[in-house]
Amino acid sequence: MGRWLITGCSTGIGREIARAALEAGHSVVVTARRTETVADFADAYGDRATVVALDVTDKGQITSAVQAAEDAFGGIDVLVNNAGNGYLSAIEEGEDDKVRKLFDTNYFGVVDTIKAVLPQMRDRQSGHIVNISSMTGLVANPPNAYYSSTKFALEAVTEALAQEVKSFGIKVTAIEPGAFRTDWAARSMWESSTPIGDYDENVGARKTMIKEFANHLPGDPRKVAEAVLMVTDLDDPPLRLLLGRDVLKAVRDKLAAFSASIDEWESVTKDVNFPKE
């Protein structure tokens, strides 16, 4: 059985991953900013569930969480970076402090947590890092421009990291959920407090739609957890795993449009090079 550290376990996908891992017999460091939201894991699973306070924007708490895994279980085999927040805003509406805080949580918090676990994984020549990304990390639409930006950045880190650590026996996977029924659009969602009326019919309407349909989305968070457990059992896991019919269609449509654009402008693309000597 493996030793897991999972960030953002208070609700939604993170909570389901923690539950599924514990039910499968793994030992898990279950983290949340407020430990009372995950105290039930220790009650239900005893010593196999270590509850730790973790705000991923606090490097001291990251260090403490990794040390807690070392003290309780002897290390970390699987790191799941799930903690994150959303932000609904047109680009022009974006508030600097909120956007930077969004990046601190969704991007820098993930990077700092990865850097904290890599030394022990390199020493053991094994491990699996699972980054919970998003459909919006592959396809950007309003009003998620800034949230998508954090996830696009996470995609780049994931892709490069997989190549950097492959020779150490460390695996890396990005999980790409579409629209899932979590509290992402409620408790975990931030919104610009400076809306601009000119964007009401486009960005504003999409904000309203996201909030109204949050409790009626098609994706089952438990199925994400089952997929994560499946991936971590594979000898050769995918770099990216798309989860949901919506993300599958969105990515295929984007790839088709991108490919068509490449073909249409191929002559211009090639024309900028010096002539072959």
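Remember, predicted model here, so these are calculated numbers, not experimental data. (Residues numbered from 1 in each chain as written. Predicted model: local features only at pLDDT ≥ 70, side-chain atom pairs only at ≥ 80, totals over all residues. Heavy atoms only, no water.)

A. Structural context of the side chain of Ser-148. Residue position: Ser-148 is located in helix H5 (residues 145–165). The residues touching Ser-148, leaving out its near neighbours within four places in the chain, are Thr-136, Gly-137, Val-139 and Ala-140. (Helix = DSSP H or I, 4+ residues; strand = E, 2+ residues; numbered from the N terminus. Contact = heavy atoms within 4.5 Å.)

B. Expanded view of the sheet that holds strand S2 (residues 27–32). Spatial strand order, S3-S2-S1-S4-S6-S7-S9: 7 strands in an open sheet with parallel pairing. Sheet topology places strand S3 (49–53) and strand S9 (240–243) at the edges, where each strand pairs with a single neighbour. Pairwise comparison of adjacent strand axes, ignoring direction, gives a mean angle of 15° for this sheet. As defined by bridge partners, S2 adjoins S3 across 5 bridges and the pair is classed as parallel. Note that in S3 the partner of Ala-32 across the bridge is Ala-53. (Pairing = 2+ DSSP bridges. Axes fitted to C-alpha atoms, helices over the stretch in contact; angles between N-to-C directions.)

C. Expanded view of the pairing of strand S7 (residues 170–177). In terms of burial, S7 is a largely internal element, 7 of the 8 residues being buried. Across 6 bridges, the pairing between strand S6 (residues 127–132) and S7 is parallel. Paired with Ile-132 across the strands is Ile-175, a residue of S7. Crossover S6 to S7 through H5 is right-handed. Alignment of S7 against S9, held across 4 bridges, turns out to be parallel. Looking at the pairing, Glu-176 lines up with Leu-242 of S9. (Buried < 20%, exposed > 50% of the residue type's maximum accessible area, 1.4 Å probe, protein only. Right-handed = clockwise from strand over helix to strand, strands pointing away.)

D. Quick look at the pattern of salt bridges. Taken as a whole, this structure holds 15 salt bridges when the rule is applied. Between Glu-159 and Arg-240 there is a salt bridge, and its shortest N-O distance comes to 2.7 Å. Note that Glu-159 is positioned in helix H5 and Arg-240 in strand S9, a separation of 81 residues in sequence. Judged by relative accessible area, Glu-159 falls into the partly exposed class, the value being 36%. For Arg-240, a relative accessible area of 28% corresponds to the partly exposed category. When salt bridges that share partners are traced, they join Glu-16, Arg-19, Glu-23, Arg-222 and Glu-226 into one network. (Salt bridge = Lys/Arg side-chain N within 4 Å of Asp/Glu carboxyl O.)

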